[in-house]
Structures are given as structure tokens and as C-alpha cells.
Amino acid sequence: MSKEPVLEVRHVTGGYRTPSVMGRGRGVYHEVLHDVDFTVFHGEILGLVGESGTGKSTLARMILGLVKPEQGEIVHHTPRPQIIFQDPYSSLNPAYTVEWTLEEPLRIYGKYDAAERKRRVREMLARVELPEECLKAKPDELSGGQRQRVSIAAALIRRPRFLIADEPVSALDVTIQAQILKLMRSLREELDLSYLFISHDLNVVYQLCDRVLVMKAGRIVEQGTIQEVFDHPQQEYTRRLLAAAE
Amino acid sequence: MKKRINGYLLAGLIITGILLLMTLVGVFYTPCDPNAMSMGEKFLSPRAAHLFGTDNFGRDIFSRVLKGSGTTLAIALATVAIGAVAGTLVGAATGYFGGIVDDTLMRLNDALTAFPSILLALLVISIVGPGKYNVVLALGIVFIPSFARVTRTAFAGLRDVNYITSARLMGASHFRIMAAHMLPNTLRVLLPAITIGFNNAVLAEASMSFLGIGVTPPDASLGYMLSEAQGMFSRAPWYALCTGGVIALLVFGAGLIGEGLQKIDREVA
């Protein structure tokens, strides 16, 4: 792990607007994040923990540019950050086969011919440890764990260097969880990735992450290495989270 | 996956298939010349030589129904094609982009929907005049709003689904997202809408031709023939019954297909 940043979130404040009614007004603004400030360094897995509703997913959307911050700025040092979602049932297009889904990012990129695309798809499929038969399957023929592997493959096929994982194992059985976490760890080494790993499950964060951010009501209340935060929590809120996870 | 026989879909496909086949044959071959008059044979009741009997000029009604249903089907299909394509474009754009585009186009849509469809078609006809192609144009325009509404709902529902967000992050263009990523997932609501639209088009064409604002001679559609039949209902009731019966069967068959498709949709969902 080097001290080179891949993502800097600088004093970001923001939220979302409820849709305007009949084009009147701009809708009601709900501030979700307050002065959020942190850096993801090259090669690390940074955990983001907090109860549901504290703004973890809003932060993810903002980092990806899907929501604009009201104040502050977000600086990416790597191109095309990608995300994998919690729900493996809505993250793959049900109309298409796995092969189509994996090839689509390369088609959009447009720089590779069909043979090269097929080669890259097969290579990535092997990396996420799925058999070739999966290529012809539609998402509804796959298990939850297999779907999550396909989602990871699709997110990584254009070789991003930074990946947001928004509760990627929360919908899976414990044994499948362990397999996916192991896969994410080995992919980090092989593909030189950095992760922002969002989870409400502190046990999972403890297993996987190097550092952790604790979020409460849209603020980062504590951050540090896993050892620092888990062994010597400074905040009452963190202590309560840890106690609840015992 | 279990594959159970879908009774509605099967029955609908059989009825519609037979009618389509007969209509298609009717384009190239009819038992008698549909326009050949024979004064000695007028008002004949149905019999082997004239399955649906003859009319006041001694013309074979079966042959005329074959030709007429060809005209009706062609008009209905063209109408649905215009309505579905234009409606899907409008609905996709409004549902996908939302905001001001959505508000503007959907208010226009509401305004169009507020008029009874026949009245609106009448308005278009009074501007462009009657005739086969103008009927298609008029009905096609009238059918846009209902398709737009259905597709808008489907596209809006997909806008924030995770796989669409992923496609956006991959750098897919708006058009690519709508056409390649969303459209295939809206087909299960679009296809039933198309069959219902087809039914409405058959009925609307029949109503317009019956009212004399539809096709003009020498073209004959089922609706036009029904209006002819009305004048001789006491002398040749089989004319109205057979023509009306074919319209009813067409609508019934397509209705069953639509019902069957919706049933598949419910089972998948």
C-alpha cells in the first residue's frame, strides 16, 4: 500500500432533491452528507460502516458522479470508477446472456474487434472463477453468488483501478460471502485495485478491510486502521456498533 | 422451467392464424370475382356455391369479405405500426429523461387523450380528406398517446435500476441505454399493448368506414361493407351477420393473444 491517492473526497456536503411537482419549483432539498472528507489510497480496501440510512449509498452515488455535491469536491485519480451493488438480482440485465453483459462495456469502448472482445470476456470469466457454460446463461438461471461474480466481472472488464462495493455480500449466504470476499481480495492483487467497501456488517469489514470510516447521520465520526478503530474505538457510536456486532 | 400450455394464447393464435391465412389467400385468390355482379343471383342465402350468400348486386359476399378483411387488416396493422413506433419514441424519451421533456410531452398527451378518439380521427379526416391512407394517418395519430403512456411508465420504472446505472457508468449513450438496455425489458408490457391497439384499430376503422368517413370505393373494408349491409338487413341478414362475425372473430382472437401475453407476464413477474 502506497500513499498515492486514487480518490479524494474533499469536504463534501450534499443530498438529493425530491422531484419537482408539475415542473413547479426545484423540489425539496434533503441534506444527507455533511462535510465528508477522506482519501482512498492506492491498493487499499477502505471500509465504510454505519447504520442504514446514514448516507453511505448517497456518498457512493456522489463519488460516481450520479449526484452532484452542493459543496466541496470529489477528485478521481483513476479513470472510470465502477460499482457493484448489493442486490445481485437487479444488477444484471435480465434480457441478455452473461456473454452479452460482459462484452457490452467493451463494445461501448469500441476499440477492440469481436475476437479481442471474446478473448477478454473469457479471460475475465476465468478470473472470477466461473465456468464457460455460464456465458450462454441468462441471469435468472444463475445463483446469487454466480450473479455477483458476473457483476464483478462486468465492472472490471475495462480494467478500472478503483471499485466501489456497496454491500456486495449482504444478500448472500455466509459460505458464499466468504468466497466472494476471498475473490475480491485476490482480484485486488491481480488487477492492482483499490476498493471503497460499504457495509453495515462489521465482521465482514474486519475480515476484508485495511482502514475503516465510521459514518453517523451523514458525518464521518471516526476513521483509522482496522486495529485502531476495532480495538480502541474513540467514539461512543463506534463502541455501540461494535457491541451490536459481537 | 415449467412450460404450461397457455390456453388463451393458443386459442388466440389459432383463431388469428386461420383468419390471417384466409386473408392472405384472399389477396391472390377468391372463389368468385368480388366485384362481379350477377342480377340473376341477388340476395341468395348462404349455400355451397356462395358460403356467405350474395348481396343486392348478386356479388359473392364470401369473396368480398376476404378482400375486405385484407383492407381492414392492412389499415389496422399500419395504424398500430405508426402508433407503436411514434408512441414508443415519445414514451421512451419522456420516461427516460423525465423533467421538462416529460412534463411538456405528457401534458400534450393528456390534451390528445381528452378527445374521444373517433372525434379526433374525424378532425384529421376533415383536414386531409377520406381515403385508405388518410384513415391510416388519422388513426395512427390517434393511437400515439396510449402507446406513449404505456412505454413511458415502463421506461421510467427502469431508469434507476442498477443495471441501467451500470450501463451509464460504462459510458453508454442515452440512445444505446434506451434502445439496447431498456427496450427489451419493456417488451412484456409493449406486446400486450400492441395486441390491444390492433383490436382498437380494427374497431375504429370499422366505425369510421361505417360512418362513411373511412375507406372510399372501390376499396372495401369490413366496416364499409357493414354499412352497406345495414341497408339490406331485412333482405339479406347474412351479409351483416357474416361481415360482423368476421370483425368479432378478429377482435376476439387478438384479444385472446393479448390476454395470453399478459398472463405470461404475470407468471414471470
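Given the structure is predicted, the values throughout are model-derived calculations rather than measurements.

## Considerations on helix H3 (residues 99–114) of chain B
Residues and elements named next belong to chain B.
- Spanning 16 residues, H3 covers 22 Å between terminal C-alpha atoms, matching the ideal 22 Å at 1.5 Å per step.
- For H3, the full list of buried residues reads Asp102, Met106 and Asn109. Burial along H3 is one-sided: seen end-on, the buried residues are contained in an arc of 50 degrees. Among the exposed residues of H3, those pointing more than 90 degrees away from its buried face are Ile100, Leu108 and Ala114.

## Thoughts on empty space enclosed by the protein
- Enumeration over the complete set of coordinates arrives at 2 cavities of 30 Å³ or more.
- What the largest cavity holds in volume is close to 230 Å³.
- Lining of the largest cavity is provided by 19 residues; of these, A:Ser91, A:Thr101, A:Ala154, B:Ser166 and B:Met170 occupy positions nearest its centre.
- Those elements that place two or more of their residues in the lining of the largest cavity are strand E5 (82–84), helix H2 (98–109) and helix H4 (144–156) of chain A together with helix H6 (162–169) of chain B.
- Among the residues forming the lining of the largest cavity, the class breakdown is 11 nonpolar, 7 polar and 1 charged.
- In this structure, the second largest cavity spans a volume of roughly 40 Å³.

## A word on the nonpolar core
Residues and elements named next belong to chain B.
- Grouped together as the largest cluster of nonpolar side chains are 51 residues, with contacts concentrated most on Phe52, Val65, Leu139, Phe147, Phe198, Val202 and Met208.
- Of all elements in the fold, only helix H1 (7–28), helix H2 (61–97), helix H4 (117–128), helix H5 (132–158), helix H7 (174–210), helix H8 (222–230) and helix H9 (237–268) reach the threshold of two or more residues within this core.
- The leading source of residues in this core is H9, at 10 residues.
- Residue contacts for phenylalanine 52: discarding those within four places in its chain leaves Pro46, Ile61, Phe62, Val65, Trp238, Cys242 and Val246.

## Brief notes about a nonpolar patch on the surface
- On the surface, B:Ile5, B:Leu10, B:Ile14, B:Ile18 and B:Met22 cluster together into a nonpolar patch covering about 500 Å² of accessible area.
- Judged by its relative accessible area of 74%, B:Ile5 is exposed.

## Some points on the sheet that holds strand E6 (residues 162–166) of chain A
Residue and element names in this part refer to chain A.
- With respect to topology, 6 strands assemble into an open sheet ordered E5-E6-E7-E3-E8-E9, the strand pairing being mixed. Across the chains shown, the open sheet's two edge strands, defined by having one partner strand only, are E5 and strand E9 (219–225). Shown here is a sheet whose adjacent strand axes are inclined to one another by a mean of 20 degrees, direction ignored.
- Where E5 meets E6, 3 bridges bridge the pair, whose relative direction is parallel. The partner of isoleucine 83 across the bridge, within E6, is isoleucine 164.
- Helix-sheet contacts for helix H5 (residues 174–191) involve strand E3 (45–49), E5, E6 and strand E7 (194–199), and the interaxial angle to E7 is about 160 degrees.

## Notes on the packing of H6(B) against H7(B)
Residue and element names in this part refer to chain B.
- Two elements in contact, H6 and H7, have axes separated by 11 Å at closest approach and are oriented at 165 degrees. When the axes of H6 and H7 are compared, the pair comes out roughly antiparallel. Helix-helix and strand crossings are classified by hand; for H6 and H7 the assignment is right-handed. Where H6 approaches H7, its residues Tyr163, Ile164, Ala167 and Arg168 are matched on the opposing element by Ile177, His181, Met182 and Asn185.
- Of the residues contributing to the contact of H6 with H7, the split by class is 5 nonpolar, 2 polar and 1 charged.

## Remarks on the side chain of A:Ser151
All names here are of chain A.
- Assignment of secondary structure puts serine 151 in helix H4.
- Overall, serine 151 belongs to the buried group, its relative accessible area being 6%.
- Residues contacting serine 151, with those up to four places away along its chain left out, are Ile84, Ser91 and Leu92.

## Thoughts on the pattern of salt bridges
- Tallying each qualifying case throughout the model produces 29 salt bridges over all chains.
- The salt bridge partner of A:Glu99 is A:Lys118, with a shortest N-O separation of 3.9 Å. Here A:Glu99, found in helix H2, pairs with A:Lys118, found in helix H3 (residues 114–127); they are 19 residues apart in sequence, far enough to count as distant.
- When its relative accessible area of 33% is taken as the criterion, A:Lys118 is described as partly exposed.
- Salt-bridge contacts for A:Glu99 lead to A:Lys136; the nearest nitrogen and oxygen are separated by 2.5 Å. Residue A:Glu99 is located in helix H2, and its partner A:Lys136 is located in the loop between H3 and H4; the two are separated by 37 residues in the primary sequence.
- Of the residues examined, A:Glu99 reaches a relative accessible area of 8% and is grouped as buried.
- Taken together, the salt bridges that share partners define one network made up of A:Glu99, A:Glu103, A:Glu104, A:Arg107, A:Arg117, A:Lys118, A:Arg122, A:Glu132, A:Lys136 and B:Arg176.

Cut-offs and rules
Residues numbered from 1 in each chain as written. Chains lettered and ligands numbered in written order. Predicted model: local features only at pLDDT ≥ 70, side-chain atom pairs only at ≥ 80, totals over all residues. Heavy atoms only, no water. Helix = DSSP H or I, 4+ residues; strand = E, 2+ residues; numbered from the N terminus. Expected span 1.5 Å × (residues − 1). Buried < 20%, exposed > 50% of the residue type's maximum accessible area, 1.4 Å probe, protein only. Arc of directions from axis to C-beta. 1 Å grid on protein atoms, 1.4 Å probe; cavity = no way out; pocket = protein on both sides within 12 Å on 5 of 7 lines; lining within 4 Å. Points joined across faces, edges and corners; volume = space filled by probe spheres on them. Nonpolar A, V, L, I, M, F, W, Y, C, P; charged D, E, K, R; others polar. Core = buried A, V, L, I, M, F, W, Y, C linked by side-chain atoms within 4.5 Å. Contact = heavy atoms within 4.5 Å. Patch = residues over 30% accessible without salt bridge, like charges linked within 9 Å, V, L, I, M, F, W, Y side chains within 5 Å. Areas by Shrake-Rupley, 256 points an atom, 1.4 Å probe, with all protein chains shown as cover. Salt bridge = Lys/Arg side-chain N within 4 Å of Asp/Glu carboxyl O. Pairing = 2+ DSSP bridges. Axes fitted to C-alpha atoms, helices over the stretch in contact; angles between N-to-C directions. Parallel < 35°, antiparallel > 145°, perpendicular 65-115°, else oblique. Left-handed = near helix turned anticlockwise from the far one by under 90°.

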